[in-house]
Amino acid sequence: DVKVTQSSRYLVKRTGEKVFLECVQDMDHENMFWYRQDPGLGLRLIYFSYDVKMKEKGDIPEGYSVSREKKERFSLILESASTNQTSMYLCASSLNVNTEAFFGQGTRLTVV
Amino acid sequence: GESVGLHLPTLSVQEGDNSIINCAYSNSASDYFIWYKQESGKGPQFIIDIRSNMDKRQGQRVTVLLNKTVKHLSLQIAATQPGDSAVYFCAENRPLRALTFGSGTRLQVQP
């Protein structure tokens, strides 16, 4: 079974802190994604990566950056956390284009 | 604004009935579509997918219908069970982009 593991289920951070959300997948997938999920808004794409050291902006990249130094790991970085970044963050991976994406359990981030 | 999206559409059905969840997608160039199920506290789980060269695909108790003319996708669940209660999302794969998700529909199964 594909396993996508996010390092934390719950995080509480202060405004202005630099926050790292880590995601690891164990199936040698090419593509990895970060989404945020807010009540009633569905999942919105922040960034995605189709190869090591490659990244593409999604629909809401402002305030975020990403890092993919190894194929299995995709990190989401909040350079200076703000309260409007309080959300559920979901990482996903897929083998290639037009295949299903597998999701982690999510990280619920609260910025106070 | 954000407050508009807070009220998730809800479909309430009786156990044993069939459920139909609908979704409109946005991009006529999208060529791959997926339905996901999300239970409380969990990440979305794959249910069924369909490619744009098909108009129907069946799985175990689920059927997805694709109408490219009106950019509409539906998920049919046969003999709905309490374990089917969840939020259901459709997702479309836009060319050169990642999966784009709809806002979701909550399915409530009444015993």
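Residues numbered from 1 in each chain as written. Chains lettered and ligands numbered in written order. Predicted model: local features only at pLDDT ≥ 70, side-chain atom pairs only at ≥ 80, totals over all residues. Heavy atoms only, no water.

### Focus: the interface of chain B and chain A
Interface extent is often summarised as the accessible area lost during association of the parts.
Point 1. With 25 residues of chain B in contact, the opposing surface of chain A contributes 24 residues.
Point 2. Counting the surface lost from both chain B and chain A, the interface buries some 1900 Å², and carbon and sulfur atoms represent 50% of this.
Point 3. Among the residues chain B hides against chain A, the three largest losses belong to R97, A98 and F101 of chain B. Together they make up 24% of the total.
Point 4. Linking chain B with chain A are one salt bridge, by the criterion used here.
Point 5. The tally of links between chain B and chain A comes to nine residue pairs in polar contact (both at pLDDT 80 or more).
Point 6. Mapped onto the side of chain B that touches chain A, the elements with two or more residues apiece are β3 (32-38), β4 (45-51), β8 (86-93) and β9 (99-101) of chain B.
Point 7. At four residues, β3 of chain B tops the list of elements feeding residues into the side of chain B that touches chain A.
Point 8. Taken together, the residues of the side of chain B that touches chain A sort by class into 12 nonpolar, seven polar and six charged. (Contact = heavy atoms within 4.5 Å. Buried area = accessible area lost by both parts, 1.4 Å probe. Salt bridge = Lys/Arg side-chain N within 4 Å of Asp/Glu carboxyl O. Polar contact = N/O pair within 3.5 Å; in protein donor to acceptor, adjacent residues only side chain to side chain. Helix = DSSP H or I, 4+ residues; strand = E, 2+ residues; numbered from the N terminus. Nonpolar A, V, L, I, M, F, W, Y, C, P; charged D, E, K, R; others polar.)

### Structural notes on the pattern of salt bridges
Residue and element names in this part refer to chain B.
Point 1. Within the structure shown, the criterion is met by 10 salt bridges over all chains.
Point 2. Where R61 meets D84, a salt bridge forms, and the shortest distance between an N and an O atom there is 2.9 Å. Of the two residues, R61 is situated in the loop between β5 (56-58) and β6 (62-67) and D84 in the loop between β7 (72-77) and β8; the sequence distance between them amounts to 23 residues.

### Quick notes on the sheet that holds β7 of chain B
Residue and element names in this part refer to chain B.
Point 1. The strand order β2-β7-β6-β5 describes an open sheet built from four strands, whose pairing is antiparallel. At either end of the open sheet lies a strand with only one pairing partner, and these are β2 (19-24) and β5. Direction aside, the axes of adjacent strands within the sheet are offset by 15° on average.
Point 2. Looking at chain direction, β5 and β6 are connected through three bridges and run antiparallel. Bridging across to β6, K56 finds its partner in L65. (Pairing = 2+ DSSP bridges. Axes fitted to C-alpha atoms, helices over the stretch in contact; angles between N-to-C directions.)

### Topic: the sheet that holds strand β3 (residues 19-25) of chain A
Within a sheet, each strand pairs with its neighbour through backbone hydrogen bonds, oriented either parallel or antiparallel.
All names here are of chain A.
Point 1. Strand order in this open sheet of four strands is β1-β3-β8-β7, and the pairing throughout is antiparallel. The sheet is open, and its two edges are formed by β1 (4-6) and β7 (64-70), each paired on a single side. Going from strand to strand, the sheet's axes swing by 20° on average, the running direction of each strand aside.
Point 2. Looking at chain direction, β3 and strand β8 (residues 73-78) are connected through six bridges and run antiparallel. Across the sheet, the residue bridging to E22 is S75, located in β8.

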